[in-house]
Amino acid sequence: MEIFLERAKDGLLTCKVQKENNRSYYLYSKYKPLRSLETLPEIKQDKNYVILGIGLGYEIAHVSENTNGKVIVIDYNRQFYSLIKENNELKPNISNRNIEFLFGDEYVNYLSIRNDDFEIIYNPQILELHPAFFAKVLMYLHPKNKSCENITVVLMEHNALIEDCLDAFKKESFQCIKLNWTTKEKLLLKISNIRPTFIFTINYSEIIAEVSETLQIPYISWTVDTPSYPLYSLKIDTPLSAHFIYDESIVHTLQKRGVTNVYYLPVAGNPERMMATIRKNNNIQMQYDVSFAGNLTISEYTQKIEPYLSAETKEIINQLLEEQEQNKAEFIIRSKVSNELVHRIQEESRYPIIGNELLSPEEKLAFLLGREHSQRERIRFVQQLEKQRFSFAVFGNDSWSMFTKNYQGYADYYEVYPLVFHHSKININLTRTFVETGLPLRVFDVLASKGFLLTNDKRDIHRLFKDGRDLVVFRDNQDLVEQIEYYLKHEEQRLQIIENGHETLHKYHTYSHRIKKIIDLLRIKNWI
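K.L.:
How should I be thinking about the pattern of salt bridges in this particular structure?
P.N.:
As a working rule, side chains carrying opposite charge can pair if their charged atoms are close by. Evaluation of the coordinates by the stated rule reveals 32 salt bridges. Salt bridges linked by common partners bring Arg257, Arg334, Glu363 and Glu436 together as one network.

Rendered as structure tokens:
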């Protein structure tokens with residue numbers, strides 16, 4: 001790391017640092033370096049202080065001049081200390097006799113700084129120079145209170161499920177702190193300041209795994225999307241982590257490849273929230289015979305691979321996708337993709353098809369083509385339904401506008417989806433072919449909203465619900481249309497299935513049920 005001293009607009013010295021990754025930034029303002037002191041707490045004469053990071057010594061001078069107590073300064077190394085000692089203008093900042101400096105791991109031998117007699121002071125910009133080091137220091141300075149009744153969990157932001165998980169943890173008397181995503185460096189410092197009992201994310205995150213490893217804080221993830229490529233790494237198999245996955249076939253695949261800390265956990269619904277939203281908006285009229293709510297993801301194959309392929313290669317892939325279309329009971333693309341096809345596509349398109357330690361290039365290509373099949377399948381299914389006599393609505397991202405006149409726009413997950421599911425006579429679920437056994441969030445959200453669900457078949461349908469009682473399964477596109485026409489005409493049966501599905505979800509498949517499973521494992525591992 002290089003340090004460059006500059007003269008600020010107010011005449012004082014400021015500095016810019018350039019880190020090993022060539023990122024450079026100012027530790028202090030280019031106009032008024034002492035502005036950083038304005039955010040510090042009031043310094044009290046009888047108080048002892050720990051200052052993290054030396055910087056140009058402005059914080060050290062401010063604290064040491066205003067207290068008669070001890071001032072302990074902890075830094076990663078002597079780089080700034082040596083710079084200040086050689087600069088006559090900055091040297092007075094660290095010359096007070098009540099200052100003691102600790103470098104590297106020297107702080108671990110200074111046990112007295114762990115008690116409440118010391119208040120911690122720091123400039124966040126300085127901490128970002130060595131975030132892992134300062135995060136460990138903060139963890140050391142804030143020892144976990146074993147007698148504390150409240151278990152604290154940090155939950156990372158997610159666009160759909162995290163609020164429901166947060167509510168479920170709160171019902172178990174956990175203290176919950178939700179954080180927005182930012183850089184790993186900033187998260188290290190934020191989480192070390194909070195000192196949570198464990199960290200929780202929706203979908204496995206390599207960044208949080210590294211934070212967990214650095215801070216030695218347990219990490220729990222719940223993966224609800226496929227494909228989730230980061231899962232296919234040996235990095236997930238660490239002693240202080242446990243990873244729940246909604247598709248049991250992925251759990252079995254990873255276990256066969258040596259991963260020991262993955263567990264099956266299906267998705268859930270929140271009937272309390274859904275029904276509260278519906279009651280709050282009981283004046284809104286939103287009647288559809290049939291609706292489908294889901295995004296149309298334009299695949300990597302369509303955007304980055306297909307335009308560069310030869311006609312012969314396109315034909316090979318189209319045949320493979322058509323074969324998958326004719327056999328939706330299993331993800332046959334996985335067994336049909338060869339190493340030769342991977343090399344052929346890479347050679348023609350220049351698109352890198354790179355696997356991971358636990359995912360071969362052939363499996364990566366199978367997922368890429370599976371996403372292409374899903375894109376085509378959804379378009380075909382929507383275009384077939386819009387030709388029928390019943391009213392049909394599609395909600396999701398604006399990619400749909402290119403393929404159907406029935407597109408109704410984007411629907412907010414929390415505010416609009418419950419109304420769509422509740423007021424549509426029939427809701428369609430189309431689980432993607434490459435999701436081999438699990439069920440998407442849509443299944444649980446429809447039932448939680450007291451909606452009627454017509455879905456394609458997956459193994460978990462029969463494990464978690466009963467076809468014909470809680471929901472209805474269709475076999476193919478023709479059967480889909482026939483089932484729609486039948487239940488639009490048989491209102492009493494449709495309403496009974498709605499009641500049954502809602503009751504089953506409420507009894508067995510809420511977020512409280514799932515979070516209790518996670519808590520059970522936390523207790524078994526003695527993490528709480």
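K.L.:
Before we go on, may I ask you to explain the sheet that holds strand E10 (residues 198-202) in this structure?
P.N.:
Spatial strand order, E9-E8-E10-E11-E12-E13: 6 strands in an open sheet with parallel pairing. Each edge of the open sheet carries a strand with a single partner, namely strand E9 (174-179) and strand E13 (262-264). Across the sheet, the mean angle from the axis of one strand to that of its neighbour is 25 degrees, orientation sign disregarded. The sheet contact formed by strand E11 (residues 219-223) and strand E12 (residues 241-245) spans 5 bridges and is parallel.

K.L.:
Explain the state of the cysteines to me, please; I cannot follow it from the model alone.
P.N.:
Simply put, disulfide is the name for a covalent bond between the sulfur atoms of two cysteines. The full count for this structure, using the stated rule, is 0 disulfides. This cysteine, cysteine 165, is not joined by any disulfide, and cysteine 176 carries the nearest cysteine sulfur, 9.8 Å off. Of the residues examined, cysteine 165 reaches a relative accessible area of 0% and is grouped as buried.

K.L.:
Even after reading the chapter, I still don't get the side chain of serine 399, so can you show me in this structure?
P.N.:
In this structure, serine 399 sits in the loop between strand E15 (392-395) and helix H15 (417-423). Exposure remark for serine 399: the relative accessible area of 14% places this residue in the buried category. Beyond its immediate chain neighbours, meaning those up to four positions away, serine 399 contacts Leu296 and Ile298.

K.L.:
Can you help me understand the sheet that holds strand E1 (residues 2-7) in this one?
P.N.:
Pairing between sheet strands relies on hydrogen bonds along the backbone, with the strands arranged either parallel or antiparallel. Overall, antiparallel pairing links the 3 strands, which are arranged E1-E2-E3 in an open sheet. Either end of the sheet is taken by a strand with one partner, and the two such strands are E1 and strand E3 (24-26). Put simply, the sheet's adjacent strands are angled 25 degrees from each other on average, direction ignored. Looking at chain direction, strand E2 (residues 13-18) and E3 are connected through 3 bridges and run antiparallel. Within E3, the residue paired with lysine 16 across the bridge is tyrosine 26.

K.L.:
How should I be thinking about helix H4 (residues 131-141) in this particular structure?
P.N.:
Along an α-helix, a turn takes 3.6 residues, which lines up residues three or four apart on a common side. With respect to burial, H4 is a largely interior element, 9 of its 11 residues being buried. Here H4 has its buried residues at Pro131, Phe133, Phe134, Ala135, Val137, Leu138, Met139, Tyr140 and Leu141. Tucked into the core, H4 has its buried residues touching strand E4 (48-52), strand E5 (71-75), strand E7 (118-122), helix H3 (124-127), helix H6 (184-194) and helix H7 (206-215).

K.L.:
What is the right way to read the nonpolar core from this model?
P.N.:
Inside soluble globular proteins, nonpolar side chains tend to come together where they are buried. Counting residues in hydrophobic clusters, the biggest one holds 109 residues, and the most contacted among them are Phe169, Phe200, Trp222 and Leu254. Excluding its chain neighbours within four sequence positions, the residues that come into contact with leucine 254 are Leu231, Tyr232, Ile236, Ile245, Val259, Val262 and Leu358. If you look at the next biggest cluster of nonpolar residues, it comprises 31 residues, including Leu37, Leu40, Leu90 and Phe101.

K.L.:
Quick question: what am I supposed to make of unusual backbone geometry here?
P.N.:
Glycine aside, the phi torsion of most residues is negative, and most peptide linkages are trans. The omega torsion across threonine 226 and proline 227 is -5 degrees, close enough to zero to call that bond cis. Within the chain, asparagine 203 stands out as a residue other than glycine whose phi angle is a positive 75 degrees. Within the secondary structure, asparagine 203 is located in the loop between E10 and H7. Positive phi outside glycine occurs at arginine 350, with the angle close to 65 degrees. Mapping arginine 350 onto the fold places it in the loop between helix H13 (339-349) and helix H14 (361-385).

K.L.:
Looking at this structure, how should I read the packing of aromatic side chains?
P.N.:
Each aromatic ring pair is described using two quantities: the centre-to-centre distance and the angle formed by the ring planes. For the structure shown, the criterion picks out 29 aromatic pairs. Measuring from centroid to centroid gives 5.0 Å for tyrosine 81 and phenylalanine 101, while their planes differ by 65 degrees, and the two rings are edge-to-face. Placement of tyrosine 81 in helix H2 (residues 79-85) and of phenylalanine 101 in strand E6 (residues 99-103) is noted, with a sequence separation of 20 residues between them. Among the residues examined, phenylalanine 101 registers a relative accessible area of 17% and is labelled buried. For the ring pair phenylalanine 331 and phenylalanine 367, a centre distance of 6.4 Å and an interplane angle of 25 degrees mean the geometry is stacked. Highlighted residues: phenylalanine 331 in the loop between helix H11 (311-326) and helix H12 (333-336) and phenylalanine 367 in helix H14, separated in sequence by 36 residues. Each member of the pair, phenylalanine 331 as well as phenylalanine 367, carries the same accessibility label: buried. Over the ring of phenylalanine 367 we find arginine 334, and its NZ or CZ is 5.7 Å from the ring centre. It is lysine 364 that lies over the ring of tyrosine 229; its NZ or CZ is 4.6 Å from the centre.

Definitions and cut-offs
- Residues numbered from 1 in each chain as written.
- Predicted model: local features only at pLDDT ≥ 70, side-chain atom pairs only at ≥ 80, totals over all residues.
- Heavy atoms only, no water.
- Salt bridge = Lys/Arg side-chain N within 4 Å of Asp/Glu carboxyl O.
- Pairing = 2+ DSSP bridges.
- Helix = DSSP H or I, 4+ residues; strand = E, 2+ residues; numbered from the N terminus.
- Axes fitted to C-alpha atoms, helices over the stretch in contact; angles between N-to-C directions.
- Disulfide = S-S within 2.5 Å.
- Buried < 20%, exposed > 50% of the residue type's maximum accessible area, 1.4 Å probe, protein only.
- Contact = heavy atoms within 4.5 Å.
- Core = buried A, V, L, I, M, F, W, Y, C linked by side-chain atoms within 4.5 Å.
- Phe/Tyr/Trp six-rings, centres within 6.5 Å; stacked < 30°, edge-to-face > 60°.
- Lys NZ or Arg CZ within 6 Å of the ring centre and 35° of its normal.

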